[in-house]
Every structure is written in C-alpha cells, then in structure tokens.
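Fold and geometry: a report
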Amino acid sequence: MESGQVLVVGAGPAGLCVALALAARGMEVEVVERQRREALAMPAFDGREIALTHGSMRILRQLGVWDRIPLAEISPLRLARVLDGDHPGFEVGPGNCGAELGALVPIHAIRMAAWEAVADNPAITVHDGVSVEAVGSDQDTAWV
C-alpha cells in the first residue's frame, strides 16, 4: 500500500466507523472482513443494544451513519443505573434540565447503517469472506 492508504481489519461497527473517518480525511481505506458482504449488509438481530451519548451520536452524524438508522430503532435514554459488582450503584439522569442522556440503539441497526455508509464511499474497498493469516513489519514496511 502507498502512503495515504490504510488497512482496517474487521468490519464491525468500530472498524467501519474508523474506515469512514479515515476516508473523510482523504485516505484510501481497505477493510478485511471474514463475513460475507450479504451478512454485513443485513446483520442478524442479536438482542444487544448500546447506550450512545450525545457525543457519540454527533460522531455518527458526521460519519453519515446516524441518519441511516431507522427512527423506530432509536429510543431516548432518560435514566441510567451504574453498577459495579456488589456496590449498590447510582443513577444518572438529566438533572433539572429535562434533557435526554442520549439514545439506546440496537447494535445490528448501527452495523447496518455503518455498512451502508461504507458501501456508498468510493474511497473504501471491502474485501469480504477473507481473514488475516499473518502480519509483519520491518523498518520501512508493514504487510498483512
């Protein structure tokens, strides 16, 4: 790969968002992923959801991901309970301002939206159905 080219290993939400962020900065990005393109485009529902702060939601907007998440999949986050082992924990709420803490979004919806944004980006090439067998580097180069 030439200067300005980056390889991202893994097309989960983090890998896809990193690819989008790097492409937005003018880099040519290649993504290597074990799953096939069809599975990336239609990720299976797995029951997991993630609480996103307003900062995370802003980043997803900037990357072109947030607006691709169906509104029906986004739930306002108004109260959170923080637990740590046997500690009774504490609640975090909006205080007196009445604002929401962020949003609760199913991971499969984020994955699907991130995939759509990557698929629409000509600066990103996805190699699906393949995996990394070896990595290495020396003083001048790196290889996968």
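Everything discussed here concerns the structure shown above.
Let us look at the structure shown here. (Residues numbered from 1 in each chain as written. Predicted model: local features only at pLDDT ≥ 70, side-chain atom pairs only at ≥ 80, totals over all residues. Heavy atoms only, no water.)

Time to look at the overall build of the chain. A tally of regular secondary structure across the chain gives four helices and ten strands. The order of helices and strands in the chain, counted from the N terminus, is β-α-β-α-β-α-β-β-β-β-α-β-β-β. Since a compact globule built from 144 residues should have a radius of gyration of about 15 Å, the 18 Å found for the chain marks it as more spread out than a globular shape. With the C-alpha coordinates of the chain rotated into their principal frame, the extents come out at 55 × 35 × 30 Å. In the chain, of all internal contacts separated by at least 6 residues, the share reaching a separation of at least 24 is 66%. Charge-centre separation for the chain: the mean point of 11 positive side chains lies 6 Å from the mean point of 19 negative side chains. (Helix = DSSP H or I, 4+ residues; strand = E, 2+ residues; numbered from the N terminus. Rg over C-alpha atoms; globule rule 2.2 N^0.38 Å. Contact = heavy atoms within 4.5 Å. Lys, Arg positive; Asp, Glu negative; His and termini not counted. Charge placed at Lys NZ, Arg CZ, Asp CG, Glu CD.)

Note on strand geometry: in a regular strand, side chains alternate between the two faces of the sheet. Bridging between strand β5 (residues 80-84) and strand β6 (residues 87-92) involves four bridges; their strand directions are antiparallel. The residue bridging Arg81 from the neighbouring strand is Glu91, located in β6. With antiparallel pairing between neighbouring strands as the criterion, β5 and β6 make up a hairpin whose turn holds two residues, including Gly85 at a positive phi of roughly 60 degrees. (Pairing = 2+ DSSP bridges.)

Compared with the 16 Å implied by 1.5 Å per residue over twelve residues, the 16 Å span of helix α1 (residues 13-24) between its first and last C-alpha is a close match. Among all positions of α1, only Gly15, Leu16, Cys17, Ala19, Leu20 and Ala23 are buried. Buried residues belonging to α1 abut β1 (5-9), β2 (28-33), α3 (54-62), α4 (107-119) and β8 (124-128). Gly26 sits one or two positions beyond α1 and adopts a positive phi of about 90 degrees. (Expected span 1.5 Å × (residues − 1). Buried < 20%, exposed > 50% of the residue type's maximum accessible area, 1.4 Å probe, protein only.)

Taken together, the side chains of Val9, Val132, Val135 and Val144 present a nonpolar region at the surface, about 360 Å² in accessible area. Its location among the elements puts Val135 in the loop between β8 and β9 (136-137). Relative accessible area serves as the criterion here: at 63%, Val135 is assigned to the exposed category. (Patch = residues over 30% accessible without salt bridge, like charges linked within 9 Å, V, L, I, M, F, W, Y side chains within 5 Å. Areas by Shrake-Rupley, 256 points an atom, 1.4 Å probe, with all protein chains shown as cover. Salt bridge = Lys/Arg side-chain N within 4 Å of Asp/Glu carboxyl O.)

Read from one edge to the other, the open sheet built from three strands follows the order β1-β2-β8, with strand pairing classed as parallel. Strand pairing shows two members of the sheet lacking a second neighbour, β1 and β8, which therefore form its edges. The mean inter-strand angle of the sheet, taken between neighbouring strand axes irrespective of direction, is 20 degrees. (Axes fitted to C-alpha atoms, helices over the stretch in contact; angles between N-to-C directions.)

Ordered by their spatial adjacency, three strands build an open sheet running β3-β7-β4, and the pairing between neighbours is antiparallel. Of all the strands in the sheet, just β3 (49-53) and β4 (75-77) have a single pairing partner and so form its edges. Recorded for the sheet is a direction-independent mean angle of 35 degrees between the axes of neighbouring strands. Where β3 lies against strand β7 (residues 102-106), five bridges are found, and the strand directions are antiparallel. Bridging from a neighbouring strand, Ile50 pairs with Val105 of β7.

The subject of this paragraph is the pattern of salt bridges. Opposite charge on two side chains permits them to pair, given that their charged atoms come into close proximity. With the rule as written, the count across this model stands at five salt bridges. Close ionic contact of Asp46 with Arg48 constitutes a salt bridge, the shortest N to O distance being 2.7 Å. Accessibility expressed as a relative area gives 39% for Asp46, which makes it partly exposed. As a salt-bridge pair, Glu91 and Arg81 come within 3.2 Å of each other at their nearest N and O atoms. Here Arg81 lies in strand β5 and Glu91 lies in strand β6, a separation of ten residues in the sequence. We classify Glu91 as partly exposed; its relative accessible area is 47%.

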